[in-house]
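Fold and contact review
What follows is each chain in one-letter form.
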Amino acid sequence: MPTSKKVEPKKAAGTEEGAAPKKGAQPIQTTRGMRDILPIDQPHWQRIAEVFQAMARDYGFERIDTPMVEDASLFVRGVGKVTDIVEKELFQWETPGGEHVALRPENTASIVRAYVQHGMLNQPQPVRLWYKGPFFRYDRPQAGRFRQFFQGGFEVLGEADAVIDAQLILISYNILRELGLDPIVKVNSLGTPESRANYKNALVAFFRSKKNKLTEDDKKRLLKNPLRLLDSKEEHMQELKAEAPQIVDWLDEESKTHFMRVLEYLDEAQVPYQLDPYLVRGLDYYTKTVFEWFAASDDQELAQAALGGGGRYDGLTELLGGRPTPAAGFALGLDRVVSRLKDLHPNTTTQVRKVDVFLAQLGEVARKKALVLFEEFRKAGIPVGEAFAKASMKGQMEAANKHGAKWAIIIGQKEVMDGTAILRDMDAGTQEIVDIKKAVHEVKKKLGHISPQA
RNA sequence: GUGGCCAUGGUGAAGGGGUUAUCACAGCGGGUUGUGGUCCCGUUAUCAUGGGUUCGAAUCCCAUUGGCCACCCCA
């Protein structure tokens, strides 16, 4: 683990087999940066899963799942040694066998690894892949920032044309729109590694000339990753940035044309975007197009408000030992999307399944009848509810109500004797006696599943 | 990684050293053991954990755990 701090292990209550929780023991909580996704939030996650699946199908992307644990060097090489993601946020450890492994902090490196490893370059190009799953970064948690978080993304490998970049932006736009968000994308181009290097030199030269205005932190970044100075949020940098050379002016001809074409496609597809010359992104593998998504209606300006991002990474395949292969992709931060959805549709109560008919019973024999009758309704495809564990009629009727049942079937001792059941209309409050063997049939009739004379 | 704020029932809050810890919502039980959505009643917290100060701590101090904010960075 990246931390060297020695921490006393938590006193876990009742860890020992059969031991009662010790008085005064620290309650067990999720470990830092980890969280539960509770039933109440599941509808949002499901909705996202559906939209991703539909979008993948429509645009011809195939699902891929890569392992959560990879050789740490994959990320060191792929994401970049001096990036924060690798330098301080990698969940990594030595296995008992001495392998140096890490929990995936993002998926692009893994996908490129899989592309190379499985010879996907022999498939019709481009290869379109999508994924969804948990990722891990060992940083300090904040709202919308967890150590385990979920991303869903789309990647296109084996095609260099600008239309791909634009289409990926369009797809991510469609996903966010489909979910009811009002997103806006910031775009920039980082050019080729060569043009970027030239720009970097110019930038370093510029900031050197302003050295007296830089903080210690800035100076460190100037040495390590000068591009990062551009998206600093600190006050004093804002004026400096305005005078600094802009990357667009340093782009080579091809990157410039590529970028122009991406923007033209976006105009054509009416995707709202914002040019952001300071958008550089924290991963080393990006070339040419980069973009990041934000919610347009966002006035609270949280520091970690990006919904997702992506870009082109033409050099990554080669970097990981494959043949040079142009590629691009994006990932959306699902936790943040969910948090937006929750703002939009606050769910205050746990959902209870809506049923057509509810079975109420009184007494042990009636309960047995009801248990069997439940199976019959279920097999007949009629949504049915029960509260067999409750003994009181009142409690069961309350439950029927919560389930929104239109009909209730009541079986008591008397009905068991007669072989009947009471069929109650929950809205009207009227009830009639039916043969218990025909209960399913009667409910079907009431629901209009079969014509009355049948 | 740096600096700061915070932690009270399931949830949201009140209480800022003194005897039964307050409110709302949700939950559960009940209102003459056979009938719901309204209403009424009851019930639900060793005040995150450990230690310290004190006659006395939910309240003050320290540590731990967790959350949050800014930076860093990103999703």
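Thresholds, definitions, all that
- Residues numbered from 1 in each chain as written.
- Chains lettered and ligands numbered in written order.
- Predicted model: local features only at pLDDT ≥ 70, side-chain atom pairs only at ≥ 80, totals over all residues.
- Heavy atoms only, no water.
- Helix = DSSP H or I, 4+ residues; strand = E, 2+ residues; numbered from the N terminus.
- Rg over C-alpha atoms; globule rule 2.2 N^0.38 Å.
- Buried < 20%, exposed > 50% of the residue type's maximum accessible area, 1.4 Å probe, protein only.
- Contact = heavy atoms within 4.5 Å.
- Areas by Shrake-Rupley, 256 points an atom, 1.4 Å probe, with all protein chains shown as cover.
- Lys, Arg positive; Asp, Glu negative; His and termini not counted.
- Charge placed at Lys NZ, Arg CZ, Asp CG, Glu CD.
- Phe/Tyr/Trp six-rings, centres within 6.5 Å; stacked < 30°, edge-to-face > 60°.
- Expected span 1.5 Å × (residues − 1).
- Polar contact = N/O pair within 3.5 Å; in protein donor to acceptor, adjacent residues only side chain to side chain.
- Domains from an automatic or database assignment.
- Core = buried A, V, L, I, M, F, W, Y, C linked by side-chain atoms within 4.5 Å.
- Salt bridge = Lys/Arg side-chain N within 4 Å of Asp/Glu carboxyl O.
- Arc of directions from axis to C-beta.
- Pairing = 2+ DSSP bridges.
- Axes fitted to C-alpha atoms, helices over the stretch in contact; angles between N-to-C directions.

1. Things to note about the overall build of chain A
A count of helical and extended segments in chain A gives 15 helices and 16 strands. Here the C-alpha atoms of chain A give a radius of gyration of 30 Å, more than 25% beyond the 22 Å that 2.2 N^0.38 yields for 454 residues. A buried classification covers 45% of the 454 residues belonging to chain A. At a minimum sequence separation of 6, the contacts of chain A that also span at least 24 residues come to 70%. Accessible surface computed for chain A: about 24100 Å², of which carbon and sulfur atoms make up 51%. For chain A, the distance from the average site of its 64 positive side-chain charges to the average site of its 63 negative ones is 6 Å.

2. A look at the packing of aromatic side chains
Scanning the model with the defined rule gives 15 aromatic pairs in all. Look at Tyr131 and Phe135: their rings are 6.0 Å apart centre to centre, the planes differ by 70 degrees, and that puts the pair in the edge-to-face class. Arranged with centres 6.2 Å apart and planes meeting at 75 degrees, the rings of Phe374 and Phe388 form a pair that is edge-to-face. Of this pair, Phe374 sits in helix α12 (residues 364-379) while Phe388 sits in the loop between β13 (384-386) and α13 (393-402), and the two are 14 residues apart along the sequence.

3. Quick word on helix α5 (residues 162-178)
Between its terminal C-alpha atoms α5 stretches 24 Å, which fits the 24 Å expected from 17 residues at 1.5 Å a residue. Listed in full, the buried residues belonging to α5 are Ala162, Ile164, Asp165, Ala166, Leu168, Ile169, Ile171, Ser172, Tyr173, Ile175 and Leu176. Its side-chain oxygen 2.8 Å from the backbone nitrogen of Val163, Asp161 forms the N-cap of α5. Downstream of α5 by one or two residues, Gly180 has phi in the positive range, about 90 degrees.

4. Considering the domain arrangement of chain A
Its domain assignment divides chain A into domain 1 (39-192 + 252-344) and domain 2 (357-447). On a C-alpha basis, the centres of domain 1 and domain 2 stand 52 Å from each other.

5. Examining the nonpolar core
Phe75, Leu157 and Phe207 are the most contacted members of the largest nonpolar core, which has 47 residues in total. Excluding its chain neighbours within four sequence positions, the residues that come into contact with Phe75 are Glu70, Gly80, Val86, Leu90, Ala102, Leu103, Arg104, Pro105, Glu106, Ala109 and Ser110. Listed in part, the 40 residues of the second largest apolar core include Trp45, Trp130, Ile175 and Leu307.

6. Examining the pattern of salt bridges
Under the defined criterion, the tally for this structure stands at 22 salt bridges. Salt-bridge contacts for Asp65 lead to Arg63; the nearest nitrogen and oxygen are separated by 2.9 Å. As a salt-bridge pair, Lys445 and Glu442 come within 3.8 Å of each other at their nearest N and O atoms. Highlighted residues: Lys445 and Glu442, both in helix α15 (residues 439-447), separated by three residues, approximately one helical turn. For Lys445, a relative accessible area of 26% gives the class partly exposed. Counted as one network, the salt bridges with shared partners bring together Arg47, Glu50 and Glu178.

7. Focus: helix α1 (residues 42-59)
With 18 residues, α1 extends 26 Å from end C-alpha to end C-alpha; this agrees with the ideal 26 Å at 1.5 Å per step. Turning to α1, its buried residues number three or more, namely His44, Trp45, Ile48, Ala49, Val51, Phe52, Met55, Ala56 and Tyr59. Looking straight down α1, one finds that the buried residues subtend no more than 165 degrees of arc, so they occupy a single side. For α1, exposure combined with an orientation more than 90 degrees from the buried face picks out Gln46 and Arg57. Residues of α1 that are buried sit in contact with β5 (127-136), β6 (148-157), α5, β11 (327-333) and α11 (334-344). Within two residues after α1, Gly60 carries a phi angle of roughly 75 degrees, on the positive side.

8. Points about the environment of Glu234
Of note, Glu234 is situated in the loop between α7 (216-224) and α8 (235-243). Put simply, Glu234 and Gln142 are 92 residues apart on the chain and 19 Å apart in space, counted from C-alpha to C-alpha.

9. Brief notes about the side chain of Glu89
Locating Glu89 in the fold gives a position in the loop between α3 (84-87) and β3 (92-94). According to the relative accessible area criterion, Glu89 is buried, its value standing at 11%. If near-sequence neighbours (up to four positions away) are discounted, Glu89 is found in contact with Asp84, Phe136, Arg137, Tyr138 and Asp139.

10. Brief notes about the sheet that holds strand β9 (residues 287-295)
The sheet built from eight strands is open, its strands ordered β1-β5-β6-β11-β10-β9-β7-β8 with mixed pairing. Taken across any chain shown, the strands that pair with only one partner, and hence form the sheet edges, are β1 (62-63) and β8 (273-275). Sheet analysis places strand β10 (residues 308-312) next to β11, joined by five bridges and oriented antiparallel. Opposite Gly308, over in β11, you have Leu332 as the bridge partner. Packing of helix α4 (residues 108-117) onto the sheet brings it into contact with β5 and β6, and relative to β6 it is tilted by some 45 degrees. Together, β5, β6, β7 (183-189), β9, β10 and β11 form the strand contacts of α5, whose direction differs from that of β11 by roughly 15 degrees.

11. Considerations on the pairing of β7
Extensive coverage of β7 is indicated by the burial of six of its seven residues. The sheet contact formed by β7 and β8 spans three bridges and is parallel. Note that in β8 the partner of Val187 across the bridge is Leu275.

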